[in-house]
Amino acid sequence: MKVILLTELRGKGGEGDVIDVAQGFAENYLFPNKIAQPATPGNIKQLEERRHNIAKREEKRIADADAIRAQLDGKPVVVDAKIGEEGQLFGSVTAAQVADAIESQLGVTVDRKRIGRINIKQVGTHEVDVNLYRDITAKVLVLVGVEAPKPEEPAAAEAEAVEEPAAE
């Protein structure tokens, strides 16, 4: 059954895309949740009239996702977890914990469903993918039981530089 997507459907397409899905999936999930509408000739004609507005929204979403990727990519995030002997965790680190850590430490709100599959059960540094929009993905370093490396403060370096000439 052909449907027109009204919002992004992960793995299938974005707003305005015409895709083919199973009839039961469309009738039981997509239509009631207003994620899609049937691809009738009338709806397709309306879609063509709205293409310009959809393209503008798509550009904005992509720009926003790129900006968030710039904020997240390669940044370390510390997750607190109970650690047992030999670096084993009690339980594992979940996507919700990673999303909360990103929000509290980096100031970026990320939906936990956008965080890729994680299976963190050991102490250390782990790379986690965060899908921001369609194929735009950021990689975040999740530190479990490890302190984040602290960048040297430029004020301390300047103070040392000032002291050296005074010693001469």
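In what follows, the accompanying structure is described. Small disclaimer: the values here were computed from a predicted structure and weren't measured. The numbers attached to residues start from 1 for each chain and follow its sequence in the written order. Under the rules for a predicted model, residues below a pLDDT of 70 receive no local features and side-chain atom pairs below 80 are neither given nor counted, while totals for whole chains, interfaces and linings still include all residues. Calculation of side-chain values draws on the structure's entire complement of heavy atoms; hydrogens and water are dropped beforehand.

**Brief notes about unusual backbone geometry**
Thought 1: Residue Lys34 is not a glycine yet carries a positive backbone phi of 55 degrees.
Thought 2: Take Lys34: it is sitting in the loop between helix H1 (23-30) and strand S3 (36-38).
Thought 3: The phi angle at Glu86 is positive, at roughly 60 degrees, despite the residue not being glycine.
Thought 4: Inspection of the secondary structure puts Glu86 in the loop between strand S4 (76-79) and strand S5 (88-93).
Thought 5: By relative accessible area, which is 78% here, Glu86 ends up exposed. Per the convention used, a helix needs a DSSP run of H or I reaching at least four residues, while a strand needs a run of E reaching at least two, with both numbered from the N terminus. Throughout, exposure labels follow a simple rule: accessible area from a 1.4 Å probe, protein chains only, divided by the maximum for the residue type, with under 20% read as buried, over 50% as exposed, and the rest as partly exposed.

**Observations concerning the pattern of salt bridges**
Thought 1: Any carboxyl oxygen of Asp or Glu that lies within 4 Å of a side-chain nitrogen of Lys or Arg is treated as forming a salt bridge with it. Counted according to the given criterion, the structure contains eleven salt bridges.
Thought 2: For Arg61, the salt bridge is made with Glu15, and the minimal N-O distance between the two is 3.1 Å. Placement of Arg61 in helix H2 (residues 41-72) and of Glu15 in the loop between strand S1 (2-5) and strand S2 (18-20) is noted, with a sequence separation of 46 residues between them.
Thought 3: Note on Glu15: relative accessible area 11%, which makes it buried.
Thought 4: According to the relative accessible area criterion, Arg61 is partly exposed, its value standing at 32%.

**Describing the side chain of Glu58**
Thought 1: Looking at the element boundaries, Glu58 is found in helix H2.
Thought 2: A residue is classified by how much of its surface remains accessible, and Glu58, at 15% relative accessible area, is buried.
Thought 3: Any two residues whose heavy atoms approach within 4.5 Å are treated as being in contact. For Glu58, the residues in contact, after removing those within four places along its chain, are Tyr133 and Arg134.

**Remarks on the nonpolar core**
Thought 1: Put simply, buried Ala, Val, Leu, Ile, Met, Phe, Trp, Tyr and Cys residues joined by side-chain atoms within 4.5 Å make one nonpolar core. Among the nonpolar cores identified, the biggest contains 23 residues, and Leu72, Ile102 and Val130 are the most heavily contacted of them.
Thought 2: Put simply, the parts of the chain that give this core at least two residues each are H2, S4, S5, helix H3 (95-106), strand S7 (124-133) and strand S8 (136-144).
Thought 3: At five residues, the largest contribution of residues to this core is made by S8.
Thought 4: Among the nonpolar cores identified, the runner-up in size contains nine residues, and Val3, Ile19, Val21 and Ala36 belong to it.

**Considering the packing of aromatic side chains**
Thought 1: Think of it this way: a Phe, Tyr or Trp ring, Trp meaning its six-membered ring, pairs with another when their centres are within 6.5 Å, and the plane angle makes it stacked under 30 degrees, edge-to-face over 60, tilted otherwise. Overall, the coordinates contain one aromatic pair when judged by the stated rule.
Thought 2: Pairing Phe25 with Tyr29 gives two aromatic rings, centres 5.5 Å apart and planes at 20 degrees, and the pair type is stacked. Of this pair, Phe25 and Tyr29 both sit in helix H1, four residues apart, roughly one helical turn.
Thought 3: Judged by its relative accessible area of 38%, Tyr29 falls in the partly exposed class.

**Concerning H2**
Thought 1: At Arg50, H2 is bent by approximately 55 degrees, the largest bend along its length.
Thought 2: When we look at burial in H2, the residues that qualify are Asn43, Leu47, Ile54, Glu58, Ala65 and Leu72.
Thought 3: Tucked inside the fold, the buried residues of H2 contact S1, S2, S3, H3, S7 and S8. Each residue is assigned a bend, namely the angle between axes fitted to the seven residues that terminate at it and the seven residues that start at it.

**So, the sheet that holds S3**
Remark on secondary structure: sheet strands pair via backbone hydrogen bonds, oriented parallel or antiparallel.
Thought 1: When DSSP finds two or more bridges between a pair of strands, those strands are recorded as paired. As summarised here, the arrangement of the three strands in space is S2-S1-S3, forming an open sheet in which the pairing is antiparallel. Looking at which strands have only one partner, the edges of the open sheet turn out to be S2 and S3. Each strand of the sheet is rotated relative to its neighbour by a mean of 40 degrees, with strand direction disregarded.
Thought 2: Of the pairings in the sheet, the one linking S1 to S2 comprises three bridges and is antiparallel in character. Bridge pairing in S2 links Val3 to Ile19. Angles run from 0 to 180 degrees between N-to-C directions of axes, and those axes are lines fitted to C-alpha atoms, restricted for helices to the stretch in contact.

**Description of the side chain of Asn131**
Thought 1: Note that Asn131 resides in strand S7.
Thought 2: Here a polar contact means two N or O atoms within 3.5 Å. Within protein one must be a hydrogen donor candidate and the other an acceptor candidate, and residues neighboring in sequence count only if both atoms are side-chain atoms. Within the structure, Asn131 has its side chain in polar contact with the backbone oxygen of Arg134 (distance 3.0 Å).
Thought 3: Not counting residues within four places of it along the chain, the set of residues in contact with Asn131 comprises Arg114, Ile136 and Thr137.

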